[in-house]
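Commentary on secondary and tertiary structure
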Amino acid sequence: MVSLHSYLILSAILFSIGTIGVLIRRNAIVIFMCVEMMLNSVNLTFIALSKHLGNVDGQIFVFFVMTVAAAEAAVGLALMIAFYKNRESIDVEDVKLMKL
Amino acid sequence: METIAIPAINFAPIMPEVILSIFAMVLLLVNVFVPSEHKAYLGYLSLVGLIVAGFTLIGGWGVPLSAFNDSVVRDNFSIFFKGIFLLTVGMSILISDQYFKREECNLGELYPLLLFATVGMMLMASGTDLMTIFLGLEVLSVSLYILAGFNRANVKSNEAGLKYFLLGAFSTGFLLYGMALTYGATGTTRVVKIAEYVSQNGVVAQNPMFVIGMLLMAVGFSFKIAAAPFHMWTPDVYEGAPTPMTAFMSAGPKAAGFAAFMRVAIIAFPSLKADWSDLLWILAVLTMTIGNLIALNQDNIKRMLAYSSIAHAGYALVGFTAGNAEGTAGILFYMLSYAFMNIGAFAIIVLVGKKGEANNNVMDYAGFGTKHPVLALAMAVFLFSLAGMPPTAGFIGKFYLFSGAIKAGYVWLAIIGVLNSAASVYYYLRVMVYMYMKDPVEEFDWMKLTPAVAICIIIAVVGVLLPGVVPAFLLNLAQQAVLL
C-alpha cells in the first residue's frame, strides 16, 4: 500500500520538474510539454487526495483538467504553427519583437 | 466512495451563458455561408445575442438563485459583472469590423470566439465551485489565446498569441495546483463549504498544504488580473494583439479575474482576511508603482495603455485590500467605468492606426486636435478619466477605492495610490500635448469614422461622463452587488 504522502511528494516533484522545465527550456513545444507535465502532476494530486478523502469531487475535476488540456494543446500547437510560418522557428528566443 | 447525486437541473441562473453559447455555435455555422466582405453581419448578429442575454440577465437582479448543486449562483455580484462583460464585448465588436477589414483578416470566427470568451467570463463571475471557476477561466483563456494571435499574417500578433498561450498555460498550472491542495486540506471544492470547514477547523490555517494552496491560487489569479510581479506578459500581449482585442482583453478578462479572485478570497477565506489583506497590500503597491513607472517612458500608445492597465489593476487591488463594503463596491464601479474609458480610448486608436498596426506611437498623434477636434476631445475625455480627474467616472471610482482603504485603516496604501495616480497624469497628458500643442505632421485623411465606431465612442463618452456627474445610480447598484 503506497501512502498518500508518497503520491503527494511524487506529484510535487513532477510539478517542480515541469516548472523548472518551463523556465529553462527554449523550445516552445518542450515548454508546452512541461506545462502538460505540471497539469498531470496536479491530476495525480487530485486523484490521490480523492481516494484518501473518499470524495469523488477530485476525480471529476481531473476529467475537466484533461479536457481543458486537450483543448489547450490544439490551440497552442495552432499558434506555434502560425508563428513558425512567419519566423521559421519555434525557439522562444525568437519571440522578441517587442521588448521594453 | 459516495455516489454522485444528479442535481435537479435549473437553467435560470445560467440563462445568459446558454443563450450566448447557442448564438456562438449558430454563428460558427452561419459564418460558412457569409462572404468575406459581409462578415460585419455576424457582428450585428452577435450584438443581438448580447442584447438578448442582457435582458435575461436584468430579470435576475435581487433574486439570488443557485443551481447545479450549488456550483453556480446568480446573485447581484455576478449580474453586475456579467453586465460589464456584455458591455465590453459589445463595444469591442463595434470597433472590430473596421479594424479587421483594414488588416485584411476579416474572419468570421472572431465573433463566436468573442462570445465564447464572454461565456467563460460569466462562468468565472457566477461560479461558486472551484471547478466552475476553473472551467470558466479556461473557456475564456483558450478563446483569448486565439484572439490575441488572430492576425495570423502579422508577426507581432503571432508573438502575442504564443507568449500569452505559454505563460497563460503556465499560470493555469499554478492555479490548479493551488485548487488541488486546497481541496486536499478542506475536502471540498465548493467555495462556501471551504469557508465552513475553515471556520470549524481553525487548525487548518496552520496546515502547510492549505497555506500553499491559498498562495498558489493567489498567484494564478494575480496572473489573470496582471498584478505585479506576474504582469510580464501584459505589455507584449497587449501591444501585439489586434487593437480591438487589446481593448477587450484589458477590460473584460481583467474584471472576470477580479470577480473570481474576490469570490474565492471573500467567501472561501473570510476568517483569514488579515493574512490575505497583507498579501494584497504588497501586490497593490507593487502593481500600481511598477505599472505607472514603466508607463512613463513608453512611446507605443498600446504599450503605454498596457502598463496603464497594470496600474489600474493596482488601484482596484487597493479596494480589494480594504475588503470593506466601500472598497469592494469601488472595484465594481471602477471595473465598469474602466471598461468605458479604456475601450473608448482604444476605439480612437483603431481610427488613427494604419494598416499593419502602423501609426500607433504617441508622436503620431501630433496635431490630431486641429484636424479632428471632436474625436480629439473624446480622446481627451477618456485620458482625463484614466488619469482620474473630475468630473469623470475614473475620478469617482478612484475616490471610492481610496476612501474604502482609508476607512479600513490603510492610510498609507491610499497615499501611495494617490501619489501613483498623480504620476500617471504625466503620460496621459503627454498624448494630449501631442494632440493639441504640436503642429500636425500628417493630414489624418485615411481616417474613416464608420457608424459602428461612432456608436462605440458615443457610448464610451456617455459612460465616462454621466457617472462622473451623477454617480448615485451606478454606485447604488454597485453597493447592492457587493458580496459582504
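Remember, it's a predicted structure, so these values are computed and weren't measured experimentally. (Residues numbered from 1 in each chain as written. Chains lettered and ligands numbered in written order. Predicted model: local features only at pLDDT ≥ 70, side-chain atom pairs only at ≥ 80, totals over all residues. Heavy atoms only, no water.)

Moving on, we get to the overall build of chain B. Secondary structure assignment for chain B yields 19 helices and two strands. The C-alpha radius of gyration of chain B comes to 21 Å, within 12% of the 23 Å expected for a compact globule of 484 residues. The proportion of buried residues among the 484 residues of chain B is 66%. Summarising the internal contacts of chain B: among those between residues at least 6 apart in sequence, 82% fall at separations of at least 24. Carbon and sulfur atoms make up 71% of the accessible area of chain B, which totals about 16100 Å². Within chain B, one finds 24 positive and 25 negative side-chain charges whose respective centroids are separated by 2 Å. (Helix = DSSP H or I, 4+ residues; strand = E, 2+ residues; numbered from the N terminus. Rg over C-alpha atoms; globule rule 2.2 N^0.38 Å. Buried < 20%, exposed > 50% of the residue type's maximum accessible area, 1.4 Å probe, protein only. Contact = heavy atoms within 4.5 Å. Areas by Shrake-Rupley, 256 points an atom, 1.4 Å probe, with all protein chains shown as cover. Lys, Arg positive; Asp, Glu negative; His and termini not counted. Charge placed at Lys NZ, Arg CZ, Asp CG, Glu CD.)

Along its length, chain A carries three helices and zero strands. For 100 residues, the compact-globule estimate of 2.2 N^0.38 gives 13 Å, and chain A exceeds it by more than 25% at 17 Å. In terms of overall dimensions, chain A has a C-alpha envelope of 50 × 25 × 25 Å along the principal axes. In chain A, buried positions account for 44% of the 100 residues.

Before going further, it helps to spend a moment on the interface of chain B and chain A. Contacts between the two partners involve 47 residues from chain B, matched on the other side by 48 residues from chain A. For the pair chain B and chain A, the summed buried surface comes to about 4200 Å²; carbon and sulfur atoms form 79% of the total. On the chain B side of the contact with chain A, Glu 159, Tyr 177 and Tyr 183 of chain B bury the most area, a combined 16% of that side's loss. At the surface where chain B touches chain A, the tally comes to one salt bridge. (Buried area = accessible area lost by both parts, 1.4 Å probe. Salt bridge = Lys/Arg side-chain N within 4 Å of Asp/Glu carboxyl O.)

A few words on the environment of Pro 467 of chain B. Residue and element names in this part refer to chain B. Examined against the element boundaries, Pro 467 turns out to sit in helix α18 (residues 451-469). Sequence separation between Pro 467 and Gly 330 is 137 residues, and the spatial gap between their C-alpha atoms is 13 Å. Apart from the residues within four sequence positions on either side, Pro 467 is in contact with Phe 333, Ala 393, Ile 396, Val 462 and Leu 474.

Residue and element names in this part refer to chain B. Under the counting rule described, the total for this entry stands at 15 salt bridges over all chains. The partner of Asp 236 in a salt bridge is Lys 163, with the nearest N and O atoms 2.6 Å apart. Of this pair, Asp 236 sits in helix α9 (residues 233-240) while Lys 163 sits in helix α6 (residues 155-186), and the two are 73 residues apart along the sequence. For Asp 236, a relative accessible area of 9% translates into the label buried. Accessibility expressed as a relative area gives 16% for Lys 163, which makes it buried. In this structure, the salt-bridge partner of Arg 303 is Glu 239, at a minimum N-O distance of 2.6 Å.

All names here are of chain B. Phe 81, Phe 258, Phe 269, Phe 320 and Phe 368 are the most contacted members of the largest nonpolar core, which totals 212 residues. In terms of residue count, the dominant contributor to this core is helix α13 (residues 325-352) (20 residues). With residues up to four places along the chain from it excluded, the contact list for Phe 320 reads Phe 258, Phe 261, Met 262, Ala 265, Ile 266, Trp 276, Leu 280 and Ile 331. (Core = buried A, V, L, I, M, F, W, Y, C linked by side-chain atoms within 4.5 Å.)

All names here are of chain B. Residues Ile 406, Val 411, Trp 412, Ile 415 and Leu 419 make up a contiguous nonpolar surface patch of about 530 Å² in total accessible area. The element contributing the most residues to the nonpolar patch is helix α17 (residues 411-437), with four residues. Along the chain, the position of Leu 419 falls in helix α17. (Patch = residues over 30% accessible without salt bridge, like charges linked within 9 Å, V, L, I, M, F, W, Y side chains within 5 Å.)

Another aspect to go through is the UniProt feature "transmembrane region" (unreviewed entry) in chain A. All names here are of chain A. Annotation from UniProt places "transmembrane region" (unreviewed entry) at residues 6-24, 29-49 and 61-84. Helix makes up 100% of residues 6-24 and strand 0%, and the two end C-alpha atoms of the span are 27 Å apart. Its end C-alpha atoms 30 Å apart, residues 29-49 is made of 100% helix and 0% strand. (UniProt positions renumbered as here; feature names shortened; annotations may be inferred.)

Right, let's talk about unusual backbone geometry for a bit. Residues and elements named next belong to chain B. Look at the link from Ala 228 to Pro 229: it is a cis peptide, with omega at 5 degrees. Residue position: Pro 229 is located in the loop between α8 (208-224) and α9. A cis geometry characterises the amide bond from Pro 390 onward to Pro 391, with omega recorded as 0 degrees. Although it is not a glycine, Asn 69 adopts a positive phi angle of roughly 55 degrees. Position of Asn 69 relative to the elements: it lies in the loop between β1 (65-67) and β2 (72-74). Of the residues examined, Asn 69 reaches a relative accessible area of 40% and is grouped as partly exposed. Phi at Asp 70 is positive, roughly 65 degrees, even though this residue is not glycine. Positionally, Asp 70 belongs in the loop between β1 and β2.

Take the side chain of Thr 321 of chain B next. Residue and element names in this part refer to chain B. Counting through the fold element by element, Thr 321 comes out in helix α12 (residues 301-322). Polar side-chain contacts of Thr 321 include one of 2.6 Å to the backbone oxygen of Leu 317. In this view, Thr 321 contacts Ser 277, Leu 280, Trp 281, Ala 284, Tyr 410 and Leu 413; residues no more than four positions away in its chain are not counted. (Polar contact = N/O pair within 3.5 Å; in protein donor to acceptor, adjacent residues only side chain to side chain.)

With that settled, consider the packing of helix α1 (residues 15-33) of chain B against helix α4 (residues 110-126) of chain B. All names here are of chain B. As a packed pair, α1 and α4 sit with axes 8 Å apart at the nearest point and diverge in direction by 165 degrees. Viewed along their axes, α1 and α4 adopt a mutual orientation that is roughly antiparallel. Seen along the crossing, α1 lies across α4 with a hand that is left-handed. Listed contacts from α4 to Pro 16, Glu 17, Leu 20, Ser 21, Phe 23, Ala 24, Met 25, Leu 27 and Leu 28 of α1 are Tyr 111, Pro 112, Leu 115, Phe 116, Thr 118, Val 119, Met 122, Leu 123 and Ser 126. When grouped by side-chain class, the residues that make up the contact of α1 with α4 number 14 nonpolar, three polar and one charged. (Axes fitted to C-alpha atoms, helices over the stretch in contact; angles between N-to-C directions. Parallel < 35°, antiparallel > 145°, perpendicular 65-115°, else oblique. Left-handed = near helix turned anticlockwise from the far one by under 90°. Nonpolar A, V, L, I, M, F, W, Y, C, P; charged D, E, K, R; others polar.)

Mapped onto the present numbering, the UniProt feature "domain: NADH:quinone oxidoreductase/Mrp antiporter transmembrane" (unreviewed entry) falls at residues 128-421 of chain B. The straight-line gap between the two end C-alpha atoms of residues 128-421 of chain B is 34 Å; of that span, 78% is helix and 0% is strand.

Attention now moves to the packing of aromatic side chains. This model, assessed by the stated rule, comprises 29 aromatic pairs over all chains. Seen from their ring centres, Phe 100 of chain B and Phe 150 of chain B are 5.4 Å apart, and the 80 degrees between their planes marks the pair as edge-to-face. A residue pair is termed long-range when its members are at least 10 positions apart, and Phe 100 of chain B in helix α3 (residues 76-102) and Phe 150 of chain B in the loop between α5 (130-148) and α6 qualify at 50 residues. Given a relative accessible area of 1%, Phe 100 of chain B falls into the buried group. Three or more aromatic residues joined by ring pairs make a cluster, and in this case those are Phe 32 of chain A together with Tyr 145, Tyr 164, Phe 165, Phe 223, Trp 233 and Tyr 238 of chain B. (Phe/Tyr/Trp six-rings, centres within 6.5 Å; stacked < 30°, edge-to-face > 60°.)

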